[in-house]
Amino acid sequence: MKTIIEPFRIKVVEPIRMTTSTEREEILQRAHLNVFAIDSQDVLIDLLTDSGTGAMSSEQWAGIMRGDESYAGSPSFYRFRDRIREMSGFENVLPTHQGRASERILFELYGAAGLIVPNNAHFDTTRANVEHSGAQALDLGIPEAADATNRHPFKGNMNVEALRALIDKVGPEKIPLVMVTVTNNMGGGQPVSLTNLRQVRSVCDQHRIELYLDACRFAENAYLIKQREPGQQDRPVREIVREMFDLSDGATISAKKDGLVNIGGVLMIRNPDRFTEACNLLILTEGYVTYGGLAGRDLEAMAQGFEEVLHEDYLAYRIRTTEYVAERLIEGGVPILEPPGGHAIYIDAGRFCPHIPPEQFPGQAVVCGLYRLGGVRAVEIGSVMFGGVGNKPPALELVRLAMPRRVYTQSHMDYVVEVACELYAGRDALRGIRIVEAPPALRHFTAKFEEI
Ligand code: F0G
């Protein structure tokens, strides 16, 4: 088989700037060792997130010019709506400005004190919106997901037994909906199998509970199903995507991921009464139902993005990139979460620097090391992000290298691998980190650190 290449040519380029090691040291100190406080101009390869950081295609830019900015009934809205309908089978579709806006509306409708929302792994904004409604957010992942070296192909699966046990214990009336996140971002970008989704559906049916998808990375999940799930190899990704949506009663999507746009979101709701209520809530804070807080041009870009993301040569390149980086890191001895998922590589910082205990934030030490050595920006997903007062420490200390879509080439990725391998070779020099100042919630964004 030949090399899987980037299935695009580059029409517009954006220079990136190399800094010296002395400059980076100063920048890092000025940022109090928190990479969120570093200006993007001072970053060489930015792997902070895959959200809203992708490159749009020439057809998407053409859509930007075509955008009709009428307040109501714009043809751009109908193009967007029809694309989502055709892809998902959902009739009731609303645009929102991003994923969390869809979540806010959904949980304002479904959440309340005393209720419990199970998910394979809540993303932090989803959890925050569930909790803001008064409900409790509960993660029901499978045990294999907590073991970074277990090569289970669908570590994103929901623990169906635990779901059944929860329903038996609290009663179905306490569970307004079950949510499944595809792929699961907090647990390593791992996919959920169709078999698992069907099982969750059947449990929900038995108890008349609605099933929602957090479908930010639905196309990557579908492609991983095609690659990994027995019997799915010959099915078009579009068909797998359709089955995933057919199994659910609704979905929230941040189009900043698999929508291949820089801003935008979607909310789909099958139940017509709930949909009407969602329309009213949308109008309250986002805007009228045919633009949902976006410009007409944004809707055009989304309509095209949701088409392009299903092209199988794109998905082959996308998933192969992550897999390629994973293979090279493993060759270099760097411990990562295996198997690699869709949108990111997760370095296992606990094994990367075993001399640094969790309370001295090994993940943050690796994040600082990557920036110092090569100007690469990653993000800690471990005790800094989840460890605050009253929280139980996370199972894994991870560092996420998230891959923006269609932005970096193979040589950029080779460079990232070299930096990570060099850092690993010199890992004994990495020092533990302490927090100097931190807010009470979501501390990773603004905390200040120093080295011990
Ligand atoms: N759900 C998942 C699984 C996500 O990964 C995100 C965002 C959201 C919901 C919220 O979407 O940002 O458009 O409001 N994840 C980004 C990340 C921020 O870096 O992983 P949003």
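Residues numbered from 1 in each chain as written. Predicted model: local features only at pLDDT ≥ 70, side-chain atom pairs only at ≥ 80, totals over all residues. Heavy atoms only, no water.

### Structural notes on the overall build of the protein
Here is step 1 of the chain: For the protein, the helix and strand inventory stands at 16 helices and 14 strands.
Here is step 2 of the chain: Since a compact globule built from 452 residues should have a radius of gyration of about 22 Å, the 21 Å found for the protein is in line with a globular shape.
Here is step 3 of the chain: Seen through its principal axes, the protein has C-alpha atoms that stretch 60 × 55 × 45 Å.
Here is step 4 of the chain: Burial statistics for the protein: of 452 residues in total, 59% are counted as buried.
Here is step 5 of the chain: Look at the contacts in the protein between residues 6 or more apart in sequence, and 71% of them connect residues 24 or more apart.
Here is step 6 of the chain: With an accessible surface of roughly 18,600 Å², the protein has 52% of that area assigned to carbon and sulfur atoms. (Helix = DSSP H or I, 4+ residues; strand = E, 2+ residues; numbered from the N terminus. Rg over C-alpha atoms; globule rule 2.2 N^0.38 Å. Buried < 20%, exposed > 50% of the residue type's maximum accessible area, 1.4 Å probe, protein only. Contact = heavy atoms within 4.5 Å. Areas by Shrake-Rupley, 256 points an atom, 1.4 Å probe, with all protein chains shown as cover.)

### Points about unusual backbone geometry
Here is step 1 of the chain: Here V182 and T183 are connected by a cis peptide whose omega angle stands at -20 degrees.
Here is step 2 of the chain: Turning to its location among the elements, T183 is positioned in the loop between β5 (177–181) and α7 (194–207).
Here is step 3 of the chain: One non-glycine residue, L33, adopts positive backbone phi at about 60 degrees.
Here is step 4 of the chain: Along the chain, L33 turns up in the loop between α1 (21–30) and β1 (45–46).
Here is step 5 of the chain: Look at R406: it is not a glycine, yet its phi comes out positive at around 65 degrees.
Here is step 6 of the chain: Inspection of the secondary structure puts R406 in the loop between β12 (398–402) and α16 (410–425).
Here is step 7 of the chain: The exposure class assigned to R406 is buried, which follows from its relative accessible area of 13%.

### Points about the pattern of salt bridges
Here is step 1 of the chain: The full count for this structure, using the stated rule, is 37 salt bridges.
Here is step 2 of the chain: For R235, the salt bridge is made with E239, and the minimal N-O distance between the two is 3.0 Å.
Here is step 3 of the chain: A salt bridge links R235 to E243, with the shortest nitrogen-to-oxygen separation between them at 2.8 Å. Take R235 and E243: they sit in the same class, and that class is buried. (Salt bridge = Lys/Arg side-chain N within 4 Å of Asp/Glu carboxyl O.)

### Quick look at the domain arrangement of the protein
A common way to state how big an interface is: give the accessible area lost once the parts meet.
Here is step 1 of the chain: Segmentation of the protein into domains returns domain 1 (21–50 + 311–451) and domain 2 (58–308).
Here is step 2 of the chain: Each of domain 1 and domain 2 has a C-alpha centre, and these two points are 27 Å apart.
Here is step 3 of the chain: Facing the 28 residues of domain 1 at the interface are 35 residues of domain 2.
Here is step 4 of the chain: For the domain 1 and domain 2 pair, buried surface summed over both sides reaches about 2,600 Å², with 53% attributable to carbon and sulfur atoms.
Here is step 5 of the chain: Between R406 and E308 there is a salt bridge whose closest N-O contact spans 2.8 Å. (Domains from an automatic or database assignment. Buried area = accessible area lost by both parts, 1.4 Å probe.)

### Remarks on the packing of aromatic side chains
Here is step 1 of the chain: If you walk through the whole model with that rule in mind, you get 13 aromatic pairs.
Here is step 2 of the chain: Between Y110 and Y212, the aromatic rings sit 5.5 Å apart at their centres with planes inclined by 65 degrees, giving edge-to-face as the arrangement. With Y110 in helix α4 (residues 99–110) and Y212 in strand β6 (residues 210–214), this pair connects stretches of sequence that are 102 residues apart. Across the pair, Y212 and Y110 agree in class, each one buried. (Phe/Tyr/Trp six-rings, centres within 6.5 Å; stacked < 30°, edge-to-face > 60°.)

### Here's the deal with helix α6 (residues 160–170)
Here is step 1 of the chain: Within α6 the residues assigned to the buried category are V160, L163, L166 and I167. Buried positions in α6, seen along its axis, are confined to an arc of 120 degrees and lie on one side of it. Residues E161, D168 and K169 are exposed on α6 and point more than 90 degrees away from its buried face.
Here is step 2 of the chain: Against β3 (116–119), β4 (136–139), β5 and α7 lie the buried residues of α6.
Here is step 3 of the chain: Two or three places before E161, at the start of α6, stands the capping residue N159, its side-chain oxygen 3.3 Å from that residue's backbone nitrogen. (Arc of directions from axis to C-beta. Polar contact = N/O pair within 3.5 Å; in protein donor to acceptor, adjacent residues only side chain to side chain.)

### Thoughts on the nonpolar core
Here is step 1 of the chain: Grouped together as the largest cluster of nonpolar side chains are 63 residues, with contacts concentrated most on F218, M244 and F245.
Here is step 2 of the chain: Sorting elements by how many residues they give to this core places helix α8 (residues 218–228) first, with six residues.
Here is step 3 of the chain: Mapped onto the domain boundaries, this core takes at least three residues apiece from domain 1 (21–50 + 311–451) and domain 2 (58–308).
Here is step 4 of the chain: Every residue in contact with F245, bar those within four places of it in the chain, is listed here: M87, S88, F90, L213, A215, F218, A251, I253, M268 and R270.
Here is step 5 of the chain: With 61 residues, the next largest nonpolar core counts I27, V35, M186 and V399 among its residues. (Core = buried A, V, L, I, M, F, W, Y, C linked by side-chain atoms within 4.5 Å.)

### A word on the layout of surface pockets
Here is step 1 of the chain: One number sums up the size of the second largest pocket: a volume of about 1,500 Å³.
Here is step 2 of the chain: Every residue lining the second largest pocket is counted, 39 residues in all, and those nearest its centre are V12, E14, A55, R406 and V407.
Here is step 3 of the chain: Elements that contribute at least two residues to the lining of the second largest pocket include exactly α2 (58–66), α11 (296–308) and α12 (312–331).
Here is step 4 of the chain: When grouped by side-chain class, the residues that make up the lining of the second largest pocket number 17 nonpolar, 13 polar and nine charged. (1 Å grid on protein atoms, 1.4 Å probe; cavity = no way out; pocket = protein on both sides within 12 Å on 5 of 7 lines; lining within 4 Å. Points joined across faces, edges and corners; volume = space filled by probe spheres on them. Nonpolar A, V, L, I, M, F, W, Y, C, P; charged D, E, K, R; others polar.)

### Points about empty space enclosed by the protein
Here is step 1 of the chain: Taken as a whole and judged by the stated rule, the model has two cavities of 30 Å³ or more.
Here is step 2 of the chain: Roughly 70 Å³ of internal volume is contained in the largest cavity.
Here is step 3 of the chain: For the largest cavity, the full set of lining residues is Y317, R318, T321, M403, P404, R406, Y408 and M413.
Here is step 4 of the chain: Counted by class, the lining of the largest cavity contains five nonpolar, one polar and two charged residues.

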